[in-house]
Amino acid sequence: MATATVSLVGTDGSVAIARDAAVKCCGFLADALEHVDDDDEQPLSFTVPIQHSTLEFVKRHCEKPLNVIELAAKMRGDHAALFALVHAANFLQATELLKDAGRAVATSLLAKRSPQQLRSDFGITADLSPEEEAAALAEPLFVAEPAPSSSSSAAPTAPSRGLSQLLENEDAIDACLLWCDDQTLRTLKGVSAAWRGRARRALCSEAWQRTFGEYYAVHYPRGAYHAEPPEYHLLQWFMYDSE
């Protein structure tokens, strides 16, 4: 008879998750357990670079998922905990949790803020000149990020509180940017050179255009955003090009 639970051993403690829930929720565990004999009764444990408090939240989500509104409410004011959850979900390949945590970051921490507020909140260095920031905020929404030049110098190391450090890696950052609306991504262009590049890549990605094209089609009557700035036309075309 297979072991009923799986232990995740974090950096400062472990949690036991029901095996069926773990397999359903986490691709990392599903892949690992695929090679375990169903008749093996030995305890199953996996060491992961995640704190115990975050693993407890992963366990609760696996066994009784929260929606994005509940998730944001539970972690309101605790930026580090929410970012840690994004990192954990990304590492564990917990697709639904990563989607909800990314949406919570996008809607509750990044949206409706100015570049100055974002830099202040997350300790991001202002490495754009005032003229460059103004140009980034005013450029057409869908501008591709130029390929890095081989002769360009390395970017300075960001401070320890930087948003990119809190989110751990670029995959986790991308998971959050996927759920930022166009105005939030436009604002991020003015935060710093690195965030300008991330915002440009997100806006030009097929994944973002698919996600927000579907969003506008579902939440707004046909043609309701004709009066919006011209950059919306791409999303309109993306959804209705067959007509």
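Look up a bit, the structure's there.
Read on for an overview of the structure. The structure displayed is predicted, hence computed values, not measured ones.

Okay, the pairing of strand 3 (residues 44–47) next. Of the two faces of strand 3, only the one carrying Leu44 and Phe46 is buried; Ser45 and Thr47 on the other face are not. Two elements, strand 1 (residues 5–9) and strand 3, share four bridges in a ladder whose sense is parallel. Within the sheet, the bridge partner assigned to Ser7 lies in strand 3 and is Ser45.

Taking 1.5 Å as the rise per residue, helix 3 (residues 52–63) with 12 residues should run 16 Å; its terminal C-alpha atoms sit 17 Å apart, in good agreement. Inspection of helix 3 places Thr54, Leu55, Phe57, Val58, His61 and Cys62 among the buried residues, and these make up the whole buried set. Viewed end-on, helix 3 has its buried residues packed into an arc of 160°, placing them on one side of the element.

So, on to the sheet that holds strand 3. Read from one edge to the other, the open sheet built from three strands follows the order 2-1-3, with strand pairing classed as mixed. A strand with exactly one partner marks an edge of an open sheet, and here the two such strands are strand 2 (14–18) and strand 3. Going across the sheet, the axis of each strand differs from the next one's by a mean of 25°, ignoring polarity. Bridge count for strand 1 against strand 2 is five bridges, and the pairing is antiparallel. The residue of strand 2 that forms the bridge with Ser7 is Ala16.

Right, let's talk about the environment of Arg113 for a bit. Structurally, Arg113 can be placed in the loop between helix 6 (95–110) and helix 7 (115–122). The partly exposed category is assigned to Arg113, whose relative accessible area is 25%. Separated by 74 residues in the primary sequence, Arg113 and Thr187 have C-alpha atoms spaced 7.7 Å apart. Discounting chain neighbours no more than four positions away, the residues touching Arg113 are Ser108, Leu118, Asp121 and Thr187. Among the polar contacts made by the side chain of Arg113, one reaches the main-chain carbonyl oxygen of Ala111 at a distance of 3.1 Å. In terms of polar contacts, Arg113 uses its side chain to reach the side chain of Asp121, at 3.3 Å.

What follows deals with the side chain of Arg119. Along the chain, the position of Arg119 falls in helix 7. Look at Arg119 and you get buried, because its relative accessible area is 12%. At 3.0 Å, the side chain of Arg119 forms a polar contact with the backbone oxygen of Gly190. Excluding residues within four positions of it along the chain, Arg119 makes contact with Ile124, Thr125, Ala126, Glu133, Gly190 and Val191.

Each value, and the rule that gives it
- Residues numbered from 1 in each chain as written.
- Predicted model: local features only at pLDDT ≥ 70, side-chain atom pairs only at ≥ 80, totals over all residues.
- Heavy atoms only, no water.
- Buried < 20%, exposed > 50% of the residue type's maximum accessible area, 1.4 Å probe, protein only.
- Helix = DSSP H or I, 4+ residues; strand = E, 2+ residues; numbered from the N terminus.
- Pairing = 2+ DSSP bridges.
- Expected span 1.5 Å × (residues − 1).
- Arc of directions from axis to C-beta.
- Axes fitted to C-alpha atoms, helices over the stretch in contact; angles between N-to-C directions.
- Contact = heavy atoms within 4.5 Å.
- Polar contact = N/O pair within 3.5 Å; in protein donor to acceptor, adjacent residues only side chain to side chain.

Read these as geometric descriptors, not functional statements.
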